[in-house]
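# Residue-level structure breakdown
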Amino acid sequence: GIQVEQSPPDLILQEGANSTLRCNFSDSVNNLQWFHQNPWGQLINLFYIPSGTKQNGRLSATTVATERYSLLYISSSQTTDSGVYFCAVENGANNLFFGTGTRLTVIP
Amino acid sequence: GAGVSQSPRYKVAKRGQDVALRCDPISGHVSLFWYQQALGQGPEFLTYFQNEAQLDKSGLPSDRFFAERPEGSVSTLKIQRTQQEDSAVYLCASSLFATNEKLFFGSGTQLSVL
């Protein structure tokens, strides 16, 4: 399967700070998604972004498919942003390959 | 229902026991996926249903794992003769369309095999 690498593995932020999370993938993909897993284990879809840039409130994402990476930007972080952020990709088989995630802790 | 519902939330099994994990997807959702998430790892694909048809079971780790969705709604993941390496969180997700775009995940079943 496709290899998905995320960085950094862990990130600690002061409330109000901005951050950038990175996802590199090893092959061409049809589909790339970002998810947030909250401390209770619930996975929430943030973006479906095979290419280009999207924004949703304080979050935005950019995928450069030709260079096989995607970035997730979090601005003005809040304690509720804490959790693990996963990047997941698909190359046509309808099953998503997830990275190992970035664990974000936002401290007040 | 309002979301994807999984039961039980926690399951403790003795090694060698059979277990059955249930997933109630959002009503009307065509696609249903099962994932396995080991501690500290990302979810790993197990199997995919489109309505009642199991279109992909390439991620099932062994023939002890079996999944079904007989009426195209509720799905059951069965693990026979559980082993310690089966301990993980089992996540179910559904989508309105025949793709994995806009997936809604359940809260998972945490399986511990002793």
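First things first, this report covers the structure right here in the doc.

Rules used throughout
- Residues numbered from 1 in each chain as written.
- Chains lettered and ligands numbered in written order.
- Predicted model: local features only at pLDDT ≥ 70, side-chain atom pairs only at ≥ 80, totals over all residues.
- Heavy atoms only, no water.
- Helix = DSSP H or I, 4+ residues; strand = E, 2+ residues; numbered from the N terminus.
- Rg over C-alpha atoms; globule rule 2.2 N^0.38 Å.
- Buried < 20%, exposed > 50% of the residue type's maximum accessible area, 1.4 Å probe, protein only.
- Polar contact = N/O pair within 3.5 Å; in protein donor to acceptor, adjacent residues only side chain to side chain.
- Contact = heavy atoms within 4.5 Å.
- Buried area = accessible area lost by both parts, 1.4 Å probe.
- Salt bridge = Lys/Arg side-chain N within 4 Å of Asp/Glu carboxyl O.

### Comments concerning the overall build of chain B
- On a plain count of helices and strands, chain B comes out with zero helices and 11 strands.
- What you see in chain B, going N to C, is helices and strands ordered as β-β-β-β-β-β-β-β-β-β-β.
- Since a compact globule built from 114 residues should have a radius of gyration of about 13 Å, the 13 Å found for chain B is in line with a globular shape.
- On the principal axes, the C-alpha backbone points of chain B span a range of 40 × 25 × 25 Å.

### With respect to the side chain of His 36 of chain A
Residues and elements named next belong to chain A.
- When you line up the elements, His 36 lands in strand β4 (residues 31-37).
- Overall, the relative accessible area of 10% leaves His 36 in the buried class.
- Of the polar contacts made by the side chain of His 36, one reaches the backbone oxygen of Asp 81; its length is 3.4 Å.
- Ignoring sequence-local partners within four residues, the contact set of His 36 consists of Gln 42, Leu 43, Ile 44, Leu 46, Thr 80, Asp 81, Ser 82, Gly 83, Val 84 and Tyr 85.

### Looking at the interface of chain A and chain B
- Tallying the contact residues gives 18 residues for chain A and 21 residues for chain B.
- Buried surface at the junction of chain A and chain B, summed over both partners, amounts to about 1500 Å²; 45% is from carbon and sulfur atoms.
- A per-residue breakdown of the area chain A buries against chain B is headed by Gln 42, Leu 43 and Asn 94 of chain A, which together make up 32% of the total.
- Our enumeration of links across chain A and chain B arrives at zero salt bridges.
- When contributions to the side of chain A that touches chain B are tallied by element, the ones reaching two or more residues are β4, β5 (43-48) and β9 (83-90) of chain A.

### A look at the environment of Leu 13 of chain A
Residues and elements named next belong to chain A.
- Within the secondary structure, Leu 13 sits in strand β2 (residues 10-14).
- Spatially, the C-alpha atom of Leu 13 lies 9.4 Å from that of Ser 82, the residues being 69 residues apart in sequence.
- In contact with Leu 13, other than residues within four places in its own chain, are Asn 18, Ser 19, Ser 77, Leu 104, Thr 105, Val 106 and Ile 107.

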